[in-house]
Amino acid sequence: MKRNWSIDRRTFLRGAAGAALPLPFLNLMEASGASDATNLAGDEGPPVRFLSLFKPNGVHPPSWNINGGTEHDFRMSPLMAPFSQHKDDLLILDNMGDYGFSSHANSTRRFLSGHHQNTNQASLDQILADHIGRETRHRSLELTTEGLFPGQIGCSYISYGPGGERLPRESDPQLIFDRLFRHPMAVPSKRREMSSLLDRVSDDAKSLQRKAGSEDRDTLEEYLSVVRDTEKRIERMEENASPPSINFEDLERPPLATNLDDQVNAMIDLIALALWTDSTRCATYMLGNSNSRMIFDFLGVKEQHHYLSHFFRNFSRENIDGLLKISLWHMEKFDYLLTRLKSFKDQEGTLLDHTVVLFGSGMGHSDNHTAQRVPTILAGKGGGMLKTGRYLRYAENQELGNLHLALMQGFGVPVDTFANSSKPIQGLDGSPFEMYQERPFESWIKLTSGKITVQGRLVMSENLDEAKTFYMEVEGKDPVRVEVSFRDFHNFNLAYHVGTPITLSGNRSDKNGQLLMTKVTELKSVFGKSDPRKAG
């Protein structure tokens, strides 16, 4: 049956005091000829959005890395357990990154700029925002959880403008909500005097509900409920904040959240609302600076995240347990984000179906700052851009710029190069790619007086009580235990070579009948880079 009337995709609920509330997609909008909805198919389907979530300080590799399995048959690692329910919505990428060592500042630059030396070009999110965000009220959102780190300012940014300049971030959910859904007012007390946003647009909402069909009424009811819940969450944060001892009414209000978990959940709720209402189609969110100094006391962790991330040099069982608690919390936030995006209906699918989510870090091993096996996950189908439910471990290291280039082209950006990359990564849409397969190699042990040379596969211990212990696996023999000083660990970049065959020479001893290497004198890669500190 033909509808008697329809509304435009950009319709707002309007009320007193200039209140304007954007709407999610409704069936009433289908007949409006809303050709401005950017989508991959070029029809009037929902727009495709881009969202990135940055995890600071790398990972503990034995807890994160997937070792073994195939593209379609793999077991998610222990750190992935919090979001394992979304396995069918994920594209887990492995062997992502570069060679050698990565500073914290290089880590943030690499995450969305492809390579740490790409300092004169816009980051991935900003290039996509120019392409898909020009017709939205907010071209893009750049959000964070943590304040600036002035000691190394580059650690605080992942988004960069056309000339590579750092873009400001926002961290206060209240102010972000105001900017998205209210007319901002600088003085907190006057904002609190304003009645609820929903109260001010209630007449317009009731009028629309009377004209809408049953499915649209359900969508409107769900949407208004979500907005109300978000307002209440932010109001609770304000109520729980300690009142200032003096009047700062004339100053800009600092963040009032006293609970980090609530603050991050509120930010994720706002991101989901902003995407669902087409207020923006591009957002970035940092769960912390790349050398985050946050203390997660609400998790029972007493040390700074950055200190704990250096688990080799600051090893204790308590410290490694604290680091993993923080990392699991980060994974829980990723799970919360995916759950929220899947909870919103978006035409014939969910908001996640029409979004590309990039989750990860800019470094691999959190202590030795390797740029190898950088945690990288894509989520959502991107309107058909991605074929999910798969694990892609590439045969060779893939610079993140290869991934960024493929995503740009998937969004329709006319570009052939980005950062150091001119070859987009393969396999995201289910097309063929070269899967990692270990080449056969000989393994052996040679002993001389007080010395040992062993060729085999280097692995980290999966025993958390041995978090700073390595082993050399030799076929048909007991592994050689490697316990060395931080200087050897760092100078020979042992973490970079984990999982690969190497020839390792050094001083030997004996520990409970097991061969033990106590000092490294030489390291050679059997197939790869002998000196990974030199990129390329």
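Quick note: structure is the one above.
Quick notes on the rules
- Residues numbered from 1 in each chain as written.
- Predicted model: local features only at pLDDT ≥ 70, side-chain atom pairs only at ≥ 80, totals over all residues.
- Heavy atoms only, no water.
- Helix = DSSP H or I, 4+ residues; strand = E, 2+ residues; numbered from the N terminus.
- Buried < 20%, exposed > 50% of the residue type's maximum accessible area, 1.4 Å probe, protein only.
- Polar contact = N/O pair within 3.5 Å; in protein donor to acceptor, adjacent residues only side chain to side chain.
- 1 Å grid on protein atoms, 1.4 Å probe; cavity = no way out; pocket = protein on both sides within 12 Å on 5 of 7 lines; lining within 4 Å.
- Points joined across faces, edges and corners; volume = space filled by probe spheres on them.
- Nonpolar A, V, L, I, M, F, W, Y, C, P; charged D, E, K, R; others polar.
- Domains from an automatic or database assignment.
- Pairing = 2+ DSSP bridges.
- Axes fitted to C-alpha atoms, helices over the stretch in contact; angles between N-to-C directions.
- Contact = heavy atoms within 4.5 Å.

> It is not clear to me how the side chain of D172 should be interpreted in this structure. Could you clarify?
Positionally, D172 belongs in the loop between β5 (141–144) and α4 (173–181). Take D172: its relative accessible area is 5%, and that puts it in the buried class. Looking at D172, its side chain comes within polar contact range of the main-chain nitrogen of Q174, at 2.9 Å.

> Where do I start with empty space enclosed by the protein in this structure?
Think of a ball as big as a water molecule: rolled over the atoms, this probe shows where empty space is left. Inspection of the entire model under this criterion finds 6 cavities of 30 Å³ or more. Contributing to the lining of the largest cavity are V59, P61, W64, N65, G364, H365, T370, Q372, R373, M460, A495 and V498. Looking at the lining of the largest cavity residue by residue, the class counts come to 6 nonpolar, 5 polar and 1 charged. Formed jointly, the lining of the largest cavity draws a minimum of three residues from each of two domains, domain 1 (49–182 + 257–410) and domain 3 (444–525).

> I would appreciate a short explanation of the sheet that holds strand β4 (residues 90–96) in the present structure.
Note on sheets: strands pair through backbone hydrogen bonds, and any given pair is parallel or antiparallel. What the 7 strands build is an open sheet, ordered β5-β6-β3-β9-β10-β4-β11; its pairing is mixed. Each having just a single partner strand, β5 and β11 (390–398) make up the two edges of the open sheet. Strand-to-strand twist in this sheet, taken as the mean axis angle between neighbours without regard to direction, amounts to 15°. Pairing of β5 with strand β6 (residues 282–286), which is carried by 4 bridges, proceeds in the parallel orientation. Looking at β6, one finds that L141 is bridged to A283. Sheet contacts for helix α11 (residues 317–343): β3 (49–54), β4, β9 (355–360) and β10 (376–379); angle to β9, the most-contacted strand, approximately 175°.

> I tried to follow the pairing of β3 on my own but got confused; where do I start?
When a strand is regular, its side chains alternate between the sheet's two faces. Across the 6 residues of β3, 6 count as buried, placing the element largely inside the fold. With burial as the criterion, each face of β3 is covered, one bearing R49, L51 and L53 and the other bearing F50, S52 and F54. Direction of pairing for β3 relative to β9: parallel, over a ladder of 6 bridges. Bridge pairing in β9 links R49 to T355. Summarising the sheet, β3 and β6 pair through 5 bridges and their orientation is parallel. Pairing of L51 across the sheet is with A283, part of β6.

> Would you take a moment to explain the environment of M408 for this structure?
You can see M408 is positioned in helix α12 (residues 400–410). M408 sits in the buried class, given a relative accessible area of 0%. Once the C-alpha coordinates of M408 and H131 are considered, the two residues, 277 residues apart in sequence, prove to be 9.3 Å apart. Excluding its chain neighbours within four sequence positions, the residues that come into contact with M408 are L124, I127, L128, V413, V415 and F418.

> Explanation requested: unusual backbone geometry in the structure shown.
Leaving glycine out, the prevailing phi sign among residues is negative, and the prevailing peptide bond configuration is trans. Phi is positive for R373, which is not a glycine, with a value near 50°. Counting through the fold element by element, R373 comes out in the loop between β9 and β10. With phi around 50°, N493 is a residue other than glycine that occupies positive phi space. The class for N493 is buried, based on a relative accessible area of 3%.

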